[in-house]
Amino acid sequence: MDGLCVFDAHCDTIARCYYLNEGLRSNTGHLSLERTEGFARYCQFFALWTEKEYADEDGRSLEDSYYVLLDCFKKQMAQNQDKIAQCRTAQDVECAHRQGKAAAFLTVEGAELLGCDPDRLDQAAADGVVAINLTWNHANALSGSHCDQPHRGLSSVGRRFVEKMEELHILVDVSHLSEAGFWDVVEMARRPIIASHSNAKSVWNHTRNLTDEQITAIIGNQGVIGLNFYRDFVGGSRDLDMLRAHLDHILELGGAACVALGGDWDGCDTIDALPSIDKLSCFYEYLLCHGYDETVVRDLFYNNLMRVVSQR
């Protein structure tokens, strides 16, 4: 292995830094720049996320919380500019890597942080947002979620929101979305979509996981599915063997070019074998030891998500 390259599709580290008053360079969470400095190349989708309870405690609306979390992200980028750079394109990533830096992509988890307003998307794009989850766990003006009004699909404003995202080359993220909303997105999609942190429902029956039909649709769309390390979504024995079962199922459905990492770092209790992002090296070696072709593993760890970023 000529140095481990990692591109992960989801973390909640910025929210954790904000609420616990910690920094990105060194902290007590799953993900820090100290923990990732051993990677040969490292890219990360950093989600801006909060929920109404936290926003209410701060005396802010969810929309105002977007700007607070964005400010936190920008401060972390500025304070650690020797180690990491915000990127918007694959070309930006190459520039960052040539300078020995990690690459940070900005995303939004839950369109309620943008008021579910298509007119807010121009500013989000200007801020560097490259992907948006249409919902988090709560239904909103765009759609139902996986657990709240799960039979409700995209509203008329939800359709306008998706259309505007595609016009602005912002990736539509279907993790957390209702199944009805998912199929509405697939019907509309003209660009690759992502499920940034979702596993296979046939392996573990949880509402946050994807059915075989959903996985196949994302593969047909040439999108990407990020393996989630949250123990409740991995399920079963909650170990690397069980996580591998999710990977195997996606591969069996033809997803070798469409599966990535979506650790859900700092947003959940991860499986014991992956208590922090630096332990991904153990997962990499585990897969090689179990006979996976190294090209497949490299694609899982880096290349597949980079392909989608390059195409967005």
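What you are looking at is a predicted structure, and each value in this text was computed from that prediction instead of being measured. (Residues numbered from 1 in each chain as written. Predicted model: local features only at pLDDT ≥ 70, side-chain atom pairs only at ≥ 80, totals over all residues. Heavy atoms only, no water.)

Colleague: Honestly, the overall build of the protein chain in this entry has me stumped. Any pointers?
Modeller: Scanning the protein chain for helices and strands turns up 13 helices and 9 strands. Relative to a compact globule of 312 residues, whose C-alpha radius of gyration would be 20 Å, the protein chain shows 18 Å and is just as compact. On the principal axes, the C-alpha backbone points of the protein chain span a range of 50 × 45 × 35 Å. In the protein chain, which comprises 312 residues, the proportion classed as buried is 57%. (Helix = DSSP H or I, 4+ residues; strand = E, 2+ residues; numbered from the N terminus. Rg over C-alpha atoms; globule rule 2.2 N^0.38 Å. Buried < 20%, exposed > 50% of the residue type's maximum accessible area, 1.4 Å probe, protein only.)

Colleague: Explain the environment of Tyr-67 to me, please; I cannot follow it from the model alone.
Modeller: The residue Tyr-67 is located in helix α4 (residues 62-79) in this model. Judged by relative accessible area, Tyr-67 falls into the partly exposed class, the value being 42%. Taking the C-alpha atoms as reference points, Tyr-67 and Ile-14, 53 residues apart in sequence, are found 12 Å from one another.

Colleague: I'm lost on the packing of helix α12 (residues 280-289) against helix α13 (residues 294-311) in this one. Help?
Modeller: The axes of two packed helices give the description: the angle between them and the distance between them. Two numbers describe how α12 lies on α13: the axes approach to 10 Å, and their chain directions differ by 155 degrees. By the angle class used here, α12 and α13 are roughly antiparallel. Helix-helix and strand crossings are classified by hand; for α12 and α13 the assignment is right-handed. Seen from α12, the contacting residues are Leu-280, Phe-283, Tyr-284, Leu-287 and Leu-288; seen from α13, they are Glu-294, Val-297, Arg-298, Leu-300 and Phe-301. Among the residues forming the contact of α12 with α13, the class breakdown is 8 nonpolar, no polar and 2 charged. (Axes fitted to C-alpha atoms, helices over the stretch in contact; angles between N-to-C directions. Parallel < 35°, antiparallel > 145°, perpendicular 65-115°, else oblique. Left-handed = near helix turned anticlockwise from the far one by under 90°. Contact = heavy atoms within 4.5 Å. Nonpolar A, V, L, I, M, F, W, Y, C, P; charged D, E, K, R; others polar.)

Colleague: I would appreciate a short explanation of the packing of aromatic side chains in the present structure.
Modeller: Within a pair of aromatic rings, the relevant descriptors are the distance that separates the centres and the angle that separates the planes. All chains considered together, the criterion is met by 18 aromatic pairs. Centroid distance Phe-229 to Phe-283: 6.3 Å. Interplanar angle 80 degrees. Geometry classified as edge-to-face. Within this pair, whereas Phe-229 is found in the loop between β8 (224-227) and α10 (231-234), its partner Phe-283 is found in helix α12, the two being separated by 54 residues in sequence. The buried category is assigned to Phe-229, whose relative accessible area is 0%. Judged by relative accessible area, which is 0%, Phe-283 ranks as buried. Taken together, the aromatic side chains of Phe-229, Trp-265, Phe-283, Tyr-284, Tyr-286 and Phe-301 make up a single cluster linked through ring pairs. (Phe/Tyr/Trp six-rings, centres within 6.5 Å; stacked < 30°, edge-to-face > 60°.)

Colleague: Quick question: what am I supposed to make of the pairing of β8 here?
Modeller: For a regular strand, the rule is simple: side chains alternate between the two faces of the sheet. Side-chain alternation along β8 places Val-224 and Gly-226 on one buried face and Ile-225 and Leu-227 on a second face that is also buried. The parallel pair strand β7 (residues 194-195) and β8, bridged by helix α9 (residues 212-220), forms a crossover whose chirality is right-handed. (Right-handed = clockwise from strand over helix to strand, strands pointing away.)

Colleague: So what exactly am I meant to see when it comes to the pairing of strand β5 (residues 129-133) here?
Modeller: Counting buried positions along β5 yields 5 of 5 residues, so the element is predominantly enclosed. The pairing of strand β4 (residues 102-109) with β5 spans 4 bridges and is classified as parallel. The residue bridging Glu-109 from the neighbouring strand is Asn-133, located in β5. Of the crossover connections in this fold, the one passing from β4 over helix α6 (residues 121-127) to the parallel β5 is right-handed. Inspection of the sheet shows β5 paired to strand β6 (residues 171-173) by 3 bridges, in the parallel sense. Directly across from Ala-131, in β6, lies its bridge partner Leu-171. (Pairing = 2+ DSSP bridges.)

Colleague: Would you take a moment to explain helix α5 (residues 90-98) for this structure?
Modeller: Because the α-helix completes a turn every 3.6 residues, residues three or four places apart line up on one side. What α5 keeps buried is the set Ala-90, Val-93, Ala-96 and His-97. The buried residues of α5 occupy an angular sector of 115 degrees when the element is viewed end-on, so they sit on one face. For α5, the exposed residues set more than 90 degrees away from the buried face come down to Gln-91 and Arg-98. Those residues of α5 that are buried are in contact with β2 (41-48), β3 (84-86), β4 and α13. Just past α5, the residue Gly-100 takes up positive phi, approximately 75 degrees. (Arc of directions from axis to C-beta.)

Colleague: Would you take a moment to explain the pattern of salt bridges for this structure?
Modeller: As a working rule, side chains carrying opposite charge can pair if their charged atoms are close by. For the coordinates displayed, the defined rule picks out 14 salt bridges. Among the salt bridges present, the one from Glu-22 reaches Arg-16, with a minimum N-O distance of 2.7 Å. For Glu-22, a relative accessible area of 21% translates into the label partly exposed. Asp-82 is the salt-bridge partner of Arg-25, the closest N and O atoms lying 2.6 Å from each other. Taken as a pair, Arg-25 in the loop between α1 (13-20) and α2 (33-36) and Asp-82 in the loop between α4 and β3 lie far apart in primary sequence, 57 residues in all. Given the relative accessible area of 46%, Asp-82 is considered partly exposed. A network of salt bridges, in which partner residues are shared, links Arg-16, Glu-22 and Asp-266. (Salt bridge = Lys/Arg side-chain N within 4 Å of Asp/Glu carboxyl O.)

Colleague: Can you walk me through the nonpolar core in this structure?
Modeller: Here is a general trend for soluble globular proteins: nonpolar side chains tend to be buried in one another's company. Ile-132, Leu-134, Leu-280, Phe-283 and Phe-301 are the most contacted members of the largest nonpolar core, which totals 82 residues. Here this core takes 6 residues from α4, the largest share from any one element. Not counting residues within four places of it along the chain, the set of residues in contact with Phe-283 comprises Leu-240, Leu-243, Leu-261, Leu-274, Leu-300 and Phe-301. Core analysis: the next-biggest nonpolar cluster, separate from the first, contains 21 residues, Cys-43, Val-130, Tyr-302 and Leu-305 among them. (Core = buried A, V, L, I, M, F, W, Y, C linked by side-chain atoms within 4.5 Å.)

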